Amino acid sequence: MASPRLETYCCPNRDAATQLVMNFQPEVFCGVCIGSASISLLLTILQLLPKKGQSPRKMPKASSSSTILLLISICDILGGLGMIFRSSVWLGFPGFIANISVVNGTDVWPSTFCVGSAMWIQLLYSAGFWWLFCYAVDSYLVVRRSAGLSTIVLYHMMTWGLAVMLCVEGIALLYYPSLSSCENGLEHAIPHYITTYVPLLLVLVANPILFRRTVSAVASLLKGRQGIYTENERRLGTEIQMRFFKIMLVFVICWSSNIINETLLFYLEMQPDINEMPLKNIRTAALITWIIMGVLNPMQGFLFTLAFYGWTGWRVDLKWRKREIPWESMSSSTVGENAYPSPVNYQSNIHDSKKISTTDSQQTDEAISMLSEGNTSS
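Residues numbered from 1 in each chain as written. Predicted model: local features only at pLDDT ≥ 70, side-chain atom pairs only at ≥ 80, totals over all residues. Heavy atoms only, no water.

For the protein chain, an unreviewed UniProt entry supplies the name G-protein coupled receptor 143 and the organism Thryothorus ludovicianus. In its Subunit (unreviewed entry) section, the UniProt record describing the protein chain reads: "Interacts with heterotrimeric G(i) proteins. Interacts with ARRB1 and ARRB2. Interacts with MLANA." In its Sequence similarities (unreviewed entry) section, UniProt records this for the protein chain: "Belongs to the G-protein coupled receptor OA family." (UniProt positions renumbered as here; feature names shortened; annotations may be inferred.)

Structure, rendered in structure tokens:
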């Protein structure tokens, strides 16, 4: 799973709370992480592969929204691979892992592996959080007609720049002045945990607000097209709102256990003796949420593809013809020229109700379709 405790594993002088979860069935925990990450990895790739029966699609260029959704999936896939690699080494080479705890040891590779693999996992999942925040920002800006494909460069700079900066800063503060000195007091650990959980808490707080504003803006756009709010347009607004709800539901399910677990472990760290009987229930809750994290964190990748695209099916098309892959479903052309389906057949509804040829109408149709792109459930 993706937890700042991974970096504290590398400290020879671990705190009592970290030692508690580290000693709790490590073989079982690593096996759970490998199993969950492997299943999520395979199902995520299956979701993204082209499927038989899907008609070829022509796409002049991808939208920023579809690009962001693809990058979120890539971050989850790479983070899952790091989790599988780290847990496999932890299970397969116990002697190698035991050298991490050796103070002033001559073999630097165990510590290098521990720090490097932990940073890889943390960086990729943090980048995924930032991309998810960018998706919420982009959705709002698209409806406000203030964004386009060109803004993806700014999103790249913000996402990777902030993810790398916070990750490096947190690691540097944790291990300062040396690896053997980390965890000597909360002044080392707290900055590291803050830099880790800032993007996670940002998504939890800011994304629902941005999604709510986007849904309200969509309703205003649809009403403004013809001065009325038809049943088809109301259905489209509901589809977009449901998509945002699914995204936040997956995020809360996968990461709420991390916040609960970290709160419990911090509480235990503040106690003189965490092995006291009155703290038994808290220790048990911390260990249970620790295992839950190992299951749910890696599953985010697959669950997000369900929220983004729906279930795309098992019929993989391995004949690599020139066709658009599932996440590329929106061109910069007008909706009237767009040949691929949206969740509520929005294009056909436009032609059935009334054809509007003005530039404002085309931009509105384009913006609304971008919010519902990539969903193949209907």
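Having put the structure on the table, let's press on.
Time to look at the packing of helix α6 (residues 109–143) against helix α9 (residues 231–269). As a packed pair, α6 and α9 sit with axes 13 Å apart at the nearest point and diverge in direction by 160°. Between α6 and α9, the interaxial angle falls into the category roughly antiparallel. Of the two possible hands of crossing, α6 and α9 adopt the one that is left-handed. Between α6 and α9, the residues in contact are Tyr125, Phe129, Leu132, Tyr135 and Ser139 and Arg243, Phe244, Ile247, Phe251 and Trp255, respectively. Split into classes, the residues belonging to the contact of α6 with α9 amount to eight nonpolar, one polar and one charged. (Axes fitted to C-alpha atoms, helices over the stretch in contact; angles between N-to-C directions. Helix = DSSP H or I, 4+ residues; strand = E, 2+ residues; numbered from the N terminus. Parallel < 35°, antiparallel > 145°, perpendicular 65-115°, else oblique. Left-handed = near helix turned anticlockwise from the far one by under 90°. Contact = heavy atoms within 4.5 Å. Nonpolar A, V, L, I, M, F, W, Y, C, P; charged D, E, K, R; others polar.)

Turning our attention to the state of the cysteines. One pass over the structure, following the stated rule, counts one disulfide. Between the sulfur of Cys10 and that of Cys114 lies a disulfide, 2.0 Å long from S to S. Taking the torsion about the S-S bond as the criterion, the Cys10 to Cys114 disulfide, at about -90°, is left-handed. Pair noted here: Cys10 is in the loop between α1 (5–8) and α2 (16–22) and Cys114 is in helix α6, with a separation of 104 residues, a long-range link. The burial state of Cys10 is the same as that of Cys114; both residues are buried. (Disulfide = S-S within 2.5 Å. Buried < 20%, exposed > 50% of the residue type's maximum accessible area, 1.4 Å probe, protein only.)

A few words now on the packing of aromatic side chains. In this structure the tally under the stated criterion is 17 aromatic pairs. The interplanar angle of 75° and the centroid separation of 5.8 Å between the aromatic rings of Phe85 and Phe113 together place this pair among those described as edge-to-face. Taken together, the residues span a long stretch of sequence, with Phe85 in helix α4 (residues 64–92) and Phe113 in helix α6 at a distance of 28 residues. For Phe113, a relative accessible area of 12% puts it in the buried group. Ring centres of Trp130 and Phe133 lie 6.4 Å apart, and the angle between their planes is 80°; on these two criteria the pair is classed as edge-to-face. Placement of the pair is Trp130 and Phe133 together in helix α6, with a separation of three residues, close to one helical turn. Residue class for Trp130 comes out buried when judged on its relative accessible area of 7%. Since its relative accessible area comes to 16%, Phe133 is described here as buried. A connected cluster of aromatic rings, assembled from ring pairs, spans Tyr135, Phe211, Phe244, Phe304, Phe308 and Tyr309. Above the plane of the ring of Phe266 lies Arg5, whose end atom (NZ or CZ) is 5.7 Å from the centre. (Phe/Tyr/Trp six-rings, centres within 6.5 Å; stacked < 30°, edge-to-face > 60°. Lys NZ or Arg CZ within 6 Å of the ring centre and 35° of its normal.)

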